[in-house]
Amino acid sequence: MTFTIFQLLQLFLTACAALVTIAGAVAIIIKVVQYFKKPNDLRDEDLKLHAQLLDNDNKRIKDLEEWRKHKDEYDRIMLHATRAILRHSIDGNQVEALEESDKEINVYLENR
C-alpha cells in the first residue's frame, strides 16, 4: 500500500486536528473540574483565616486573664496599704500595719 504525498499530508493534518481536539477537550475538562473545586478551595482558605483569627483571640483572652490576675493582686495590696495609712492617720498608731503594707508592696514589685 503506497500513499501519495497528498494522502500523507491529509493523514498528518487529521492527526494534528485530532491532537488539538483532544487537548481542547482536556483543557475544558480541567476548567470544569477547577470551577467545581473552587468553592472547596475558598472554604479551605476561609477555614484557615478563621483558625488564625481564633488563635489570635485565644491569645488575647489569655493575656487579659493574666492581666486581670495581676490587677486583682495589685488592687488587694493597694487597698491594704490605703487602709493601713487611713488607720494610721486616724489614731497615729498602726505603724506595724504600715510596715507590713510596705513589705507586701515590695514583695509584689520584686515578683513582678
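Before reading further, recall that the structure is shown in the block above.
Residues numbered from 1 in each chain as written. Predicted model: local features only at pLDDT ≥ 70, side-chain atom pairs only at ≥ 80, totals over all residues. Heavy atoms only, no water.

**Observations regarding the overall build of the protein**
Scanning the protein for helices and strands turns up 2 helices and 0 strands. Against the globule reference of 13 Å for 112 residues, the protein gives a C-alpha radius of gyration of 40 Å, more extended than a compact globule. Referenced to the eigenvectors of the C-alpha coordinate spread, the extents of the protein come out at roughly 130 × 25 × 15 Å. For the protein, the exposed surface amounts to about 10,100 Å²; the carbon and sulfur share of it is 63%. Taking the average location of the 16 positive side-chain charges in the protein and that of its 19 negative ones, the two points are 9 Å from each other. (Helix = DSSP H or I, 4+ residues; strand = E, 2+ residues; numbered from the N terminus. Rg over C-alpha atoms; globule rule 2.2 N^0.38 Å. Areas by Shrake-Rupley, 256 points an atom, 1.4 Å probe, with all protein chains shown as cover. Lys, Arg positive; Asp, Glu negative; His and termini not counted. Charge placed at Lys NZ, Arg CZ, Asp CG, Glu CD.)

**Observations concerning the pattern of salt bridges**
It is possible for side chains of opposite charge to pair when their charged atoms get near one another. By the definition in use, this model includes 5 salt bridges. The shortest N-O distance in the salt bridge between Arg68 and Asp72 comes to 3.2 Å. Of this pair, Arg68 and Asp72 both sit in helix α1 (residues 5–91), 4 residues apart, roughly one helical turn. Lys71 serves as the salt-bridge partner of Asp75, at 2.8 Å between the closest nitrogen and oxygen. A residue pair is termed a helical-turn pair when its members lie 3 or 4 positions apart in one helix, as Asp75 and Lys71 do in helix α1 at 4 residues. Among the residues examined, Asp75 registers a relative accessible area of 29% and is labelled partly exposed. (Salt bridge = Lys/Arg side-chain N within 4 Å of Asp/Glu carboxyl O. Buried < 20%, exposed > 50% of the residue type's maximum accessible area, 1.4 Å probe, protein only.)

**Thoughts on the packing of α1 against helix α2 (residues 95–111)**
Two measures define how a pair of helices packs: the angle their axes make with one another and the distance between the axes. Across the interface, α1 lies against α2 with an axial gap of 8 Å and an inter-helix angle of 160 degrees. If you check the angle between α1 and α2, you find them roughly antiparallel. The hand of the α1/α2 crossing is left-handed. Together, His70, Glu73, Tyr74, Arg76, Ile77, Met78, His80, Ala81, Ala84, Ile85, Arg87 and His88 of α1 and Val95, Ala97, Leu98, Glu100, Ser101, Glu104, Ile105 and Tyr108 of α2 make up the contact between the two elements. Class assignment for the residues of the contact of α1 with α2 results in 11 nonpolar, 4 polar and 5 charged. (Axes fitted to C-alpha atoms, helices over the stretch in contact; angles between N-to-C directions. Parallel < 35°, antiparallel > 145°, perpendicular 65-115°, else oblique. Left-handed = near helix turned anticlockwise from the far one by under 90°. Contact = heavy atoms within 4.5 Å. Nonpolar A, V, L, I, M, F, W, Y, C, P; charged D, E, K, R; others polar.)

**Regarding the packing of aromatic side chains**
Scanning all chains against the criterion turns up 1 aromatic pair. Both rings, one in Tyr35 and one in Phe36, keep their centres 5.4 Å apart while their planes meet at 75 degrees; by these two values the pair is edge-to-face. In terms of burial, Tyr35 and Phe36 fall into one category: exposed. (Phe/Tyr/Trp six-rings, centres within 6.5 Å; stacked < 30°, edge-to-face > 60°.)

**Some details on α1**
Here α1 contains 87 residues, and its C-alpha end-to-end distance of 125 Å stays within 8% of the 129 Å for a straight helix at 1.5 Å per residue. The sharpest bend along α1 comes to roughly 40 degrees, located at Lys37, with the proline Pro39 sitting one to four residues further on. If you check which residues of α1 are buried, you get Ile77, Ala81 and Ala84. Check the buried side of α1 and you find it contacts α2. Trailing α1 by a residue or two, Gly92 shows a phi angle of about 80 degrees, which is positive. (Expected span 1.5 Å × (residues − 1). Bend = angle between axes of the 7 residues up to and from the residue.)

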